[in-house]
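Below are the chains, spelled out letter by letter.
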Amino acid sequence: NTKLFIIRYISIYSSLGKMDMELAKKQQHTDDAGIEAYRCSGDIVNRAMALLVSNCIPGNNTKGLCEDADEYILREIGASEMEGEHGNIPTCISVNHCACNDCPTEDDGHEIQPGDVLKITMGCFIDGHIAMHGHTHVAGIVDQPIGGRVGDVVVATYVAAQAIQKLMRPGLESAVITDTIEKVAACFKCHPVRTNFTCNMSRFLLEGSKIVLNGFDKNMPPNFTVEENEVYNVDIMLSTGSGKVREEGKKPTVYQRDLNMNVQLRSSAARRLISKISDFNPALPFNTRGFTLEEKLGLKECLDKKLLIPYAVQYERDGEYVAQLKFTLIVKPEGSLRICSHPPPYATTKFNVVDEELSALLDTDMSAYVVNDGPTEPLPVQCKVSEYKHI
């Protein structure tokens, strides 16, 4: 898993090395018009997430839910009055010990069972302004908060996300982010998924050169300083296990074009595939759901020649649970703006934050700096069939 992270990081960093850094700063686009585009993108994924969660009931299949959410986001973008290129980041639902990137496209979806821990991630962009949203929901048929180790990791992840939002200010050193996540995880007897990371973004660029891991690792990216008006994809992932994730053989269905690579392709299928990707999503992640059989046959050559970066489906040890929260954040001196909102977790834990410095940080009121208001009450685990809402 560390090797996969290093390959992806080198690809991102080398691509950015060819960019004019002043142009990259201009592409952040955090003036009033840019913030409005981020707000609109965030509002769409907030509504999509709320609708998707209401459909996460036992018996439903994750494949259909991902498809419905993606279609909803595209419809809402089309109905908006915002101008510029737009699209969505594929919706993924990763269940229980599956940590990330599970976006079923064939008959490999999961039928939701009571008590399943669902990591739901999605995103959209308007005029290149990307809003990423990730939430953990526990499906079930009970009318009381989830406890035990599931409750521990769900609450810990929520607390860590709150802490990072309150920390993010111009001048913050990236090592403090990792240290804070580690401290929160330790309070709840959990561990960070170390190769998961938070990174800066700009227009049409999901993963910038400023990358900070969830946990300390021997292969840490360079330390950096957070700057005013930077935009970040904050991605917190904690585990009840060791935090070491790996592949278990499930084929990736989410890919991203590596713009740093440009080679000749031999097969017509591969050439047609790259042409299609260049037309509809040249710089951001996509899934293979709408690809023809011939286009899918071109995947192997594109991967062999490093034209595509796979988003590997990764797993913790079986029997452990992973929770995740993700949101887009714009750094401001007075208080960083959080674009995507999360309800408090419908979970309980016997643990508390015992670190005094962390407690003082968490007591800071940041409600004024959430751009899109989300639910202020927990979403209940129970969702009756009569309450089923079609996306």
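Residues numbered from 1 in each chain as written. Predicted model: local features only at pLDDT ≥ 70, side-chain atom pairs only at ≥ 80, totals over all residues. Heavy atoms only, no water.

Caption draft 1: Seen up close, the pairing of strand E6 (residues 197-201). With five of its five residues buried, E6 lies for the most part within the structure. With three bridges connecting them, E6 and strand E7 (residues 211-213) associate as antiparallel partners. Bridging across to E7, Thr 198 finds its partner in Val 212. Bridge analysis of E6 against strand E8 (residues 231-239) gives three bridges, and the strand direction is antiparallel. (Buried < 20%, exposed > 50% of the residue type's maximum accessible area, 1.4 Å probe, protein only. Helix = DSSP H or I, 4+ residues; strand = E, 2+ residues; numbered from the N terminus. Pairing = 2+ DSSP bridges.)

Caption draft 2: Highlighting the packing of aromatic side chains. Counted according to the given criterion, the structure contains five aromatic pairs. Note on Phe 224 and Tyr 232: the rings are 6.3 Å apart at their centroids and 15° apart in plane angle, and the pair reads as stacked. Classification of Phe 224 by relative accessible area gives buried; the value is 8%. Tyr 232 gets classed as buried once you look at its relative accessible area, which sits at 1%. (Phe/Tyr/Trp six-rings, centres within 6.5 Å; stacked < 30°, edge-to-face > 60°.)

Caption draft 3: A look at the nonpolar core. By size, the foremost hydrophobic cluster in this structure holds 82 residues, and its most contacted members are Ile 120, Met 122, Met 168 and Phe 188. It is helix H5 (residues 148-167) that provides the largest number of residues to this core, a total of 12 residues. Apart from the residues lying within four places of it in its own chain, the contact partners of Ile 120 are Met 49, Leu 52, Val 53, Cys 56, Thr 91, Cys 92, Ile 93, His 133, Gly 134, His 135 and His 137. The next biggest cluster of nonpolar side chains, apart from the first, holds 12 residues, and it includes Leu 265, Ala 270, Ile 277 and Cys 302. (Core = buried A, V, L, I, M, F, W, Y, C linked by side-chain atoms within 4.5 Å. Contact = heavy atoms within 4.5 Å.)

Caption draft 4: Just the pattern of salt bridges, in detail. Tallied over the entire structure, the rule returns 21 salt bridges. Note that Glu 67 is salt-bridged to Arg 289, the shortest N-O span being 3.9 Å. One end of the pair, Glu 67, is in helix H4 (residues 62-79); the other, Arg 289, is in the loop between strand E11 (286-287) and helix H8 (293-297), and 222 residues separate them in sequence. A salt bridge links Asp 70 to Arg 289, with the nearest nitrogen and oxygen atoms 3.0 Å apart. Of the two residues, Asp 70 is situated in helix H4 and Arg 289 in the loop between E11 and H8; the sequence distance between them amounts to 219 residues. Residues joined by salt bridges that share partners form a network here, namely Lys 63, Glu 67, Asp 70 and Arg 289. (Salt bridge = Lys/Arg side-chain N within 4 Å of Asp/Glu carboxyl O.)

Caption draft 5: Here's a closer look at empty space enclosed by the protein. Summed over the entire model, instances satisfying the criterion amount to two cavities of 30 Å³ or more. Put simply, the second largest cavity is a space of about 70 Å³. Lining the second largest cavity are His 135, Thr 136, Val 154, Thr 157, Tyr 158, Ala 323, Gln 324, Leu 325, Pro 343 and Pro 345. Taken together, the elements giving at least two residues each to the lining of the second largest cavity come down to strand E4 (129-138), H5 and strand E14 (322-330). Classifying every residue of the lining of the second largest cavity gives six nonpolar, four polar and no charged. (1 Å grid on protein atoms, 1.4 Å probe; cavity = no way out; pocket = protein on both sides within 12 Å on 5 of 7 lines; lining within 4 Å. Points joined across faces, edges and corners; volume = space filled by probe spheres on them. Nonpolar A, V, L, I, M, F, W, Y, C, P; charged D, E, K, R; others polar.)

Caption draft 6: Summary view of the side chain of Asp 116. Secondary-structure assignment places Asp 116 in the loop between strand E2 (98-100) and strand E3 (117-126). The charged side chain of Asp 116 is buried without a salt bridge, its nearest counter-charge being Lys 119 at 9.1 Å. A distance of 3.1 Å separates a polar atom in the side chain of Asp 116 from a polar atom in the side chain of Asn 96. (Lys, Arg positive; Asp, Glu negative; His and termini not counted. Polar contact = N/O pair within 3.5 Å; in protein donor to acceptor, adjacent residues only side chain to side chain.)

Caption draft 7: Highlighting the state of the cysteines. This structure, assessed with the given rule, holds zero disulfides. Free of any disulfide, Cys 92 has its nearest cysteine sulfur in Cys 103, 4.6 Å distant. Here Cys 92 falls in the buried class, since its relative accessible area comes to 5%. Cys 340 takes part in no disulfide bond, and the closest cysteine sulfur to it belongs to Cys 124, at a distance of 8.2 Å. What makes Cys 340 buried here is its relative accessible area of 0%. (Disulfide = S-S within 2.5 Å.)

Caption draft 8: Local environment of unusual backbone geometry. The residue Lys 189 is not glycine, and still its phi comes out positive at about 55°. Inspection of the secondary structure assignment puts Lys 189 in the loop between helix H6 (174-187) and strand E5 (191-192). Even without glycine at this site, Phe 204 takes up a positive phi of about 65°. Among the secondary structure elements, Phe 204 is positioned in the loop between E6 and E7.

Caption draft 9: Representation of the environment of Leu 172 within the structure. Looking at the secondary structure, you find Leu 172 in the loop between H5 and H6. Among the residues examined, Leu 172 registers a relative accessible area of 12% and is labelled buried. Sequence-distant contacts of Leu 172, defined by excluding residues within four places in its chain, comprise Leu 167, Ile 177, Phe 224, Thr 225 and Val 226.

Caption draft 10: How the structure looks around the environment of Pro 145. Structurally, Pro 145 can be placed in the loop between E4 and H5. With 204 residues separating them in the primary sequence, Pro 145 and Thr 349 have C-alpha atoms 9.5 Å apart.

Caption draft 11: Region of interest: H5. Taking 1.5 Å of rise per residue, 20 residues should cover 28 Å, and H5 covers 29 Å from first to last C-alpha, within 8% of that figure. Of all 20 residues making up H5, 18 are buried, and the element is well covered by its neighbours. (Expected span 1.5 Å × (residues − 1).)

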